[in-house]
Amino acid sequence: MNFGEANNQTMLAMSSATISDEWLDTSWAGAMMRCIADPAADFDDTIAFDWPEWMPLDLAQSDPFIRVKLGRWLLRGQGGEASAIISAGNAPRTRLAFLPTPDAARLICLAGAWTGVSSLIGLLRTADVLAARAVLGEEALAFVSHAALLPRPTAELMSAVSASEMPAAPNAFLYRGAATFGLAIGAIPHGLRARLRLRRPAAIWMVVADACRDDSAGEDAFRAMRRLARKKMPTWSHWFN
């Protein structure tokens, strides 16, 4: 979906809301529009139930007009909450949720490497290294030696991102990165959290969405994500100032 199409859909969603239009001049306005108007752009089709069989999901995703309808269907009963999402975008932390999904996934992997650096550095067996690379990706694994030089996660943050139901390594690294990303975003409108849950892979984005809450470790998580963005993804780092 291009900017104009997203703009039209967003304006329709906001037709009953009265909000300032100053946000339209921000550098993240386009990303916010797409997040609101085109929530099915990167959705995980394993969570789509009852979608009409006569309309293949891959075709629905490839057609912007149908994909918007797919997004509305996926979010049925949950409301658009466009004005609430736009208002929340005034907070630098919330803007993490508007990152293009591939870039957000990349940042999650880097966060996973950062939070798990002590364990990753200690990997000796080739099989363990390959397993970690398969989960986090080449970039994140190569980043480990640099991540070791960064400020370490606080005990409070590590406690917040290491849930009792955490899967076994190496998936645990990715889950901790996802939880860190969600904590960094903080509490957000219901409609925005629902959009995050649509993304693929659903298992990871569910962790992100569940971690989007008020938490005393949230500011620590946000500082960490902003630091990682500045080092590895400078294109986006100015969003979070």
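Refer to the preceding data block for the structure.
Residues numbered from 1 in each chain as written. Predicted model: local features only at pLDDT ≥ 70, side-chain atom pairs only at ≥ 80, totals over all residues. Heavy atoms only, no water.

Colleague: Can you help me understand the packing of helix 11 (residues 171-185) against helix 13 (residues 202-211) in this one?
Modeller: When two helices pack together, their arrangement is captured by the angle between the axes and the distance separating the axes. The interhelical angle for the contact between helix 11 and helix 13, taken along N-to-C directions, is 35°, at an axis separation of 7 Å. As for how helix 11 packs across helix 13, the hand of that crossing is right-handed. For the pair helix 11 and helix 13, contact is made by Leu174, Tyr175, Ala178, Ala179, Phe181, Gly182, Leu183 and Ile185 and by Ala203, Ile204, Trp205, Val207, Val208 and Ala211, respectively. Residues of the contact of helix 11 with helix 13, tallied by class, amount to 13 nonpolar, one polar and no charged. (Axes fitted to C-alpha atoms, helices over the stretch in contact; angles between N-to-C directions. Helix = DSSP H or I, 4+ residues; strand = E, 2+ residues; numbered from the N terminus. Left-handed = near helix turned anticlockwise from the far one by under 90°. Contact = heavy atoms within 4.5 Å. Nonpolar A, V, L, I, M, F, W, Y, C, P; charged D, E, K, R; others polar.)

Colleague: Which parts of the structure should I look at to understand the nonpolar core?
Modeller: The tendency in soluble globular proteins is for nonpolar side chains to be buried as a group. Formed by 65 residues in total, the largest nonpolar core has its most connected members in Leu96 and Phe181. Contact partners of leucine 96, with chain neighbours within four places excluded, come to Leu107, Phe181, Ala184, Ile185, Phe222, Met225 and Phe240. (Core = buried A, V, L, I, M, F, W, Y, C linked by side-chain atoms within 4.5 Å. Buried < 20%, exposed > 50% of the residue type's maximum accessible area, 1.4 Å probe, protein only.)

Colleague: When you look at the environment of histidine 238 in this model, what are you seeing that I'm missing?
Modeller: The topology assignment puts histidine 238 in the segment after helix 15 (234-237). Counting along the chain gives 146 residues from histidine 238 to proline 92, while the straight-line C-alpha distance between them is 9.5 Å. Among the polar contacts made by the side chain of histidine 238, one reaches the main-chain carbonyl oxygen of threonine 235 at a distance of 3.1 Å. (Polar contact = N/O pair within 3.5 Å; in protein donor to acceptor, adjacent residues only side chain to side chain.)

Colleague: Could you clarify how one ought to interpret the pattern of salt bridges in this entry?
Modeller: By the definition in use, this model includes eight salt bridges. Aspartate 215 is the salt-bridge partner of arginine 213, the closest N and O atoms lying 3.6 Å from each other. Taking the relative accessible area as the measure of exposure, arginine 213 reaches 33% and is therefore partly exposed. Looking at aspartate 215, the relative accessible area reads 28%, which means it is partly exposed. (Salt bridge = Lys/Arg side-chain N within 4 Å of Asp/Glu carboxyl O.)

Colleague: What is the right way to read the packing of aromatic side chains from this model?
Modeller: Here a ring pair, both rings aromatic, is described through the centre-centre distance and the interplanar angle of the planes. Under the definition given, this model contains five aromatic pairs. Between the aromatic rings of tryptophan 236 and tryptophan 239, the centroid separation amounts to 5.1 Å while the plane-to-plane angle is 80°, which identifies the pairing as edge-to-face. Residue classification places tryptophan 239 among the buried residues on the basis of a relative accessible area of 3%. Aromatic rings pair up to connect Trp28, Trp236, Trp239 and Phe240 into one cluster. The ring of tryptophan 205 is capped by arginine 199, whose NZ or CZ atom sits 4.7 Å from the centre of that ring. (Phe/Tyr/Trp six-rings, centres within 6.5 Å; stacked < 30°, edge-to-face > 60°. Lys NZ or Arg CZ within 6 Å of the ring centre and 35° of its normal.)

Colleague: Where do I start with helix 8 (residues 126-136) in this structure?
Modeller: Listing the buried residues of helix 8 in full gives Ala132, Val135 and Leu136. Taken end-on, helix 8 shows its buried residues confined to a sector of 80°, consistent with a single buried face. The outward face of helix 8, more than 90 degrees from its buried face, is lined by the exposed residues Thr126, Ala127 and Ala134. Trailing helix 8 by a residue or two, glycine 137 shows a phi angle of about 95°, which is positive. (Arc of directions from axis to C-beta.)

Colleague: What is the right way to look at the packing of helix 6 (residues 101-115) against helix 11 in this model?
Modeller: In contact at an axis separation of 7 Å, helix 6 and helix 11 are set at 115° when each is read in the N-to-C sense. The orientation of helix 6 relative to helix 11 falls into the category roughly perpendicular. The handedness of the crossing between helix 6 and helix 11 comes out as right-handed. Contacts between helix 6 and helix 11 involve Ala104, Leu107, Ile108, Cys109, Ala111, Gly112 and Thr115 on the former and, on the latter, Phe173, Leu174, Arg176, Gly177, Ala178, Thr180 and Phe181. Of the residues that constitute the contact of helix 6 with helix 11, the class distribution is nine nonpolar, four polar and one charged. (Parallel < 35°, antiparallel > 145°, perpendicular 65-115°, else oblique.)

Colleague: Would you explain helix 13 in this entry?
Modeller: Residues that lie three or four places apart on an α-helix share one face, since the helix turns once every 3.6 residues. With respect to burial, helix 13 is a largely interior element, seven of its ten residues being buried. For helix 13, the complete set of buried residues consists of Ala202, Ile204, Trp205, Val207, Val208, Ala209 and Ala211. Of the surrounding secondary structure, the elements contacted by the buried residues of helix 13 are helix 6, helix 11 and helix 12 (190-196).

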